[in-house]
Amino acid sequence: MGKTSDLHKLLNRERTKRGLAYARWNQELWHGCKRHSNYMLRTKHLVHADVSELPSGGECICGGKGNHSPQTIAKSWMNSPGHRALILNPNIRSQAVAISDGKYGTYATRRGSYQTIHTPSKPIKFPNLFRILMGRKLMLT
């Protein structure tokens, strides 16, 4: 992961030095971040994702020409009041970041969630308890 991991750590350092909880890595959010960073790189446009795609903790983006380091990205977000507020939101429990580098520059996306683990998009199916119990010999006394 390299640059992505470094950026995640830098943002958490900003949180913890202010007494906020560490934001755990959220792999499901990362997939959306990576798609969005790749999209911005491909189109050379700095644009937020559709509101329907955004998690509870919002989205931070940055990018443009040049090869920007995780330190530069973290510093730019922390110097922006809106981005800073999203990163330092005490309700954030998990986050993900993605950095896409290419011939058109560097683009990064950060998303946060109020949940420790982002909920799946499909409901989880639990086994039928009746079937499980009927498959066993029950001793009633």
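One structure accompanies this document, and this report is about it. All of these numbers come straight from a predicted model, not from anything done at the bench.

1. Details of the packing of helix 1 (residues 3–16) against helix 3 (residues 70–78)
- At a minimum axis distance of 9 Å, the contact between helix 1 and helix 3 shows a crossing angle of 35°. The way helix 1 lies across helix 3 gives a crossing that is right-handed. Residue-level contacts link Lys3, Asp6, Leu7, Leu10, Leu11 and Glu14 of helix 1 to Pro70, Gln71, Ile73, Ala74, Trp77 and Met78 of helix 3.
- A class-by-class count of the residues in the contact of helix 1 with helix 3 yields 8 nonpolar, 1 polar and 3 charged.

2. Remarks on the nonpolar core
- Of all hydrophobic cores here, the largest spans 14 residues; its most connected members are Leu7, Leu11, Ile73, Trp77, Ile87 and Ala108.
- Mapped by element, the contributors of at least two residues to this core are helix 1, strand 2 (59–64), helix 3 and strand 3 (94–102).
- The biggest single contributor to this core is helix 3, with 4 residues.
- What Ile87 contacts, discounting residues up to four positions off in sequence, is Leu11, Arg15, Cys60, Trp77, Met78 and Arg110.

3. Quick word on unusual backbone geometry
- Its identity as a non-glycine residue notwithstanding, Lys44 has a phi of 60°, on the positive side.
- Its place among the elements puts Lys44 in the loop between helix 2 (27–43) and strand 2.
- Of the residues examined, Lys44 reaches a relative accessible area of 45% and is grouped as partly exposed.

4. With respect to the pairing of strand 3
- Of all 9 residues in strand 3, 7 are buried, a share of seventy percent or more.
- By the bridge criterion, 2 bridges tie strand 1 (residues 24–25) to strand 3 in an arrangement that is parallel. Opposite Trp25, over in strand 3, you have Gln95 as the bridge partner.
- Two elements, strand 3 and strand 4 (residues 105–113), share 9 bridges in a ladder whose sense is antiparallel. If you follow Ala98 over to strand 4, its bridge partner there is Thr109.

5. Here we look at the environment of Thr4
- Relative to the helices and strands, Thr4 resides in helix 1.
- Here Thr4 falls in the buried class, since its relative accessible area comes to 9%.
- Sequence spacing of Thr4 and Arg110 is 106 residues, and the spatial spacing of their C-alpha atoms is 10.0 Å.
- When residues no more than four places from it in sequence are discounted, the contact partners of Thr4 are Trp25, Trp30, Val97, Ala98 and Ile99.

6. Focus: helix 3
- Those residues of helix 3 that sit buried are Pro70, Ile73, Ala74, Trp77 and Met78. Buried residues of helix 3 fall within an arc of 130° about the axis and therefore sit on the same side.
- If you follow the buried residues of helix 3, they end up packed against helix 1, strand 2, helix 4 (81–87), strand 3 and strand 4.

7. Describing the pattern of salt bridges
- As enumerated under the stated definition, the model contains 4 salt bridges in all.
- For Arg18, the salt bridge goes to Glu14, with nearest N and O atoms at 2.6 Å.
- One network of salt bridges, with partners in common, ties together Glu14, Lys17 and Arg18.

What counts, and where the lines are drawn
Residues numbered from 1 in each chain as written. Predicted model: local features only at pLDDT ≥ 70, side-chain atom pairs only at ≥ 80, totals over all residues. Heavy atoms only, no water. Axes fitted to C-alpha atoms, helices over the stretch in contact; angles between N-to-C directions. Helix = DSSP H or I, 4+ residues; strand = E, 2+ residues; numbered from the N terminus. Left-handed = near helix turned anticlockwise from the far one by under 90°. Contact = heavy atoms within 4.5 Å. Nonpolar A, V, L, I, M, F, W, Y, C, P; charged D, E, K, R; others polar. Core = buried A, V, L, I, M, F, W, Y, C linked by side-chain atoms within 4.5 Å. Buried < 20%, exposed > 50% of the residue type's maximum accessible area, 1.4 Å probe, protein only. Pairing = 2+ DSSP bridges. Arc of directions from axis to C-beta. Salt bridge = Lys/Arg side-chain N within 4 Å of Asp/Glu carboxyl O.

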